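Observations on chain architecture
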Amino acid sequence: MPKNIFNYKFKKILNDLKRRPEDAALDLGLTKKKINQILEGKKKLEFDLIEKAVKIWPVNYNEFFSVEDDAKHGFKIFKSKASNSTERKMYRGGEAYYLYKDTVMSKVSTFRPEWIQQLKVVDNSNPNNKGVKFNNGHFLHQFTYFIGPVNFYYILNNKKRVAKMNTGDSMYISPYIPHSFTTRKNKKNLLGNILALTYADKLNTESLNEFSAIGYELTKKFNLNLKNKIYAFKSSLLYHLKNSSISDHNFKELTGLNLNRLLKNKKLPNKKVIDKIATYLKINSRDLLPPIQNDYVKIQKYKSNRSWFYPSKYKKDFLFVELTNLSHLPMSKAFELNILNNKNNIGFSVPAHQYLYNIGSSKIKINFNKKIKQNFNPGDSIYLKPNVNYKFSGKGKVLILRIGGSVSSDALYHLSWLSQKNLKRLFNDYKQWFN
Ligand SMILES: [Fe+2]
């Protein structure tokens, strides 16, 4: 808990519970003076008091604590030397299988990126190779960038599969897909390696806490059918009808449309009909057209990547090579950025959490918010907060992964609905809710 500054978290809890300091004092068995001293940051909020508050009020422990900011200047850099010091060998079936190194991780974002070398060398690309050890899959999304002759194995629809990957190739796997990586035997006896960038998006610690409190039996009832656009429309419509307590009879009266016929239709209704239903249900058309998941595993070979010179083909300062990107994770964007020659002194500012890794062989420099300059050498990695200005100098090659985290989509819309004045207040909400 920060010392000698106003205790915003505690004040917010009191405000939300509509407790004045004297009410809180009564509930917690303290004097009003003591409560005010805690609010003003003159006295520490002791843990036994938090325990008491959690016991008597409908609040949780985490509401009393803040996220620690380990990227105070808008970024966090992790040098290759520090990365090397985290090196650890992983065994599978008693055999050395992977060499792991951490790259940059911040408390502010959900990136959990690892550099991994494939110690297991295979002389064939058979997905059923007994020497290939699969994991059980994991909760986090994974984007992977390949360097060298790496075999990527995965299990989809109960079938083991393999993809022969090389430098620049990339892939995405959704949560809980079992997978494995090996090095393909090669003349130069090189070991392959990957940058395995795992991250959480909208299903994060906070939403999982909520789901786990609701429990599996109740949570599984949500389950929209998002297999294709038509199913997605139908199951979203039923979901909103249920939430609005509108029966098929009511629906007919309200919209003049026959619900049964709509649900039997093998085609998506036209935009006019969808807009009409949305208007009657007082929801948004997009609520009836949720994104569907096309790919559980997506493999992208380097040759088939889209690319563009930035800012234009006449001003070739940068070459963006687009890696595995998917429409159902619209803010997750992976690029290989080639810094060709930043003649025009172009900076970037991106509305996403960003992960940068110098995958090239040359030293570059990076400047943050026109103030702080850092060396960004091969093997170094950087975490960047959303909307931070950054500018490269020198020539080089950088792997970039952007993710939305919880600052995109609905949370972003709700944030944007606040006026500038109220947005400021959100960050310094020390006012009591009445005067
Ligand atoms: Fe993984």
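The preceding data block contains the structure.
Residues numbered from 1 in each chain as written. Predicted model: local features only at pLDDT ≥ 70, side-chain atom pairs only at ≥ 80, totals over all residues.

Here the amide bond leading from Tyr 310 into Pro 311 is cis, since omega sits at 5°, within 30 degrees of zero. Backbone geometry places Tyr 176, a non-glycine residue, at a positive phi of 70°. By the C-beta count within 10 Å, which is 11 here, Tyr 176 ends up exposed. In this structure, Asn 345 takes a positive phi of about 60° despite not being glycine. (Buried ≥ 20, exposed ≤ 12 C-beta atoms within 10 Å, placed from the backbone.)

Take the sheet that holds strand E3 (residues 95–102) next. Taken in spatial order, the seven strands make up an open sheet running E2-E3-E4-E11-E6-E9-E12, and their pairing is antiparallel. The sheet is open, and its two borders are formed by strand E2 (88–92) and strand E12 (297–300), each paired with just one other strand. Each adjacent strand pair in this sheet contributes to an overall mean axis angle of 25°, direction not counted. With five bridges connecting them, E3 and strand E4 (residues 112–118) associate as antiparallel partners. Looking at E4, one finds that Tyr 98 is bridged to Gln 118. (Pairing = 2+ DSSP bridges. Helix = DSSP H or I, 4+ residues; strand = E, 2+ residues; numbered from the N terminus. Axes fitted to C-alpha atoms, helices over the stretch in contact; angles between N-to-C directions.)

Once that is clear, we can look at the environment of Lys 44. Take Lys 44: it is sitting in the loop between helix H3 (32–39) and helix H4 (47–56). Between the C-alpha atom of Lys 44 and that of Arg 92, which follows or precedes it by 48 residues, the distance is 48 Å.

Turning to the pairing of strand E17 (residues 353–358), a few remarks are in order. Burial runs high along E17: six of the six residues are buried. Neither face of E17 is left uncovered, since the one carrying His 353, Tyr 355 and Tyr 357 and the one carrying Gln 354, Leu 356 and Asn 358 both have all their residues buried. Where E17 meets strand E22 (residues 396–403), six bridges bridge the pair, whose relative direction is antiparallel. Bridge pairing in E22 links Asn 358 to Val 398. Sheet topology places E17 next to strand E20 (residues 381–384); four bridges connect them, and they run antiparallel. Residue pairing across strands places Gln 354 opposite Leu 384, the latter belonging to E20.

Within the element layout of this structure, Ser 170 appears in strand E9 (residues 170–173). With 28 C-beta atoms packed within 10 Å, Ser 170 lands in the buried category. Residues Ser 170 and Ile 147, 23 residues apart in the sequence, show an inter-C-alpha distance of 9.4 Å. Not counting chain neighbours up to four residues away, the residues in contact with Ser 170 comprise Phe 143, Thr 144, Tyr 145, Phe 146, Gln 300, Leu 323, Thr 324 and Ala 334. (Contact = placed C-beta atoms within 7 Å.)

What follows is about the sheet that holds strand E18 (residues 364–368). As summarised here, the arrangement of the four strands in space is E16-E21-E18-E19, forming an open sheet in which the pairing is antiparallel. Strands at the two margins of the open sheet, each flanked by one partner only, are strand E16 (347–348) and strand E19 (372–376). Pairing of E18 with strand E21 (residues 390–393) involves four bridges; the strand directions are antiparallel. Paired with Asn 367 across the two strands is Lys 391, which belongs to E21.

Where helix H2 (residues 21–28) contacts H3, the axes come no closer than 8 Å and their chain directions differ by 110°. Taken together, the axis directions place H2 and H3 in an arrangement best described as roughly perpendicular. Relative to H3, H2 is oriented so that their crossing is right-handed. Residues Pro 21, Glu 22, Ala 24 and Ala 25 of H2 touch H3, and the partners they reach there are Lys 32, Ile 35, Asn 36 and Leu 39. (Parallel < 35°, antiparallel > 145°, perpendicular 65-115°, else oblique. Left-handed = near helix turned anticlockwise from the far one by under 90°.)

Buried within H3 are the following residues: Ile 35, Ile 38 and Leu 39. On an axial view of H3, the arc spanned by its buried residues comes to 100°, and they lie on one face. On the buried face of H3, the contacting elements are helix H1 (8–16) and H2. Just downstream of H3 lies Gly 41, where phi reads positive at about 80°. (Arc of directions from axis to C-beta.)

Attention now goes to the pairing of E9. Here E9 shows no split at all, with Ser 170 and Tyr 172 on one side and Met 171 and Ile 173 on the other all buried. Bridge count for strand E6 (residues 141–147) against E9 is four bridges, and the pairing is antiparallel. From the neighbouring strand, Thr 144 faces E9, where its bridge partner is Met 171. Of the pairings in the sheet, the one linking E9 to E12 comprises four bridges and is antiparallel in character. In the strand pairing of E12, Ser 170 is matched with Gln 300.

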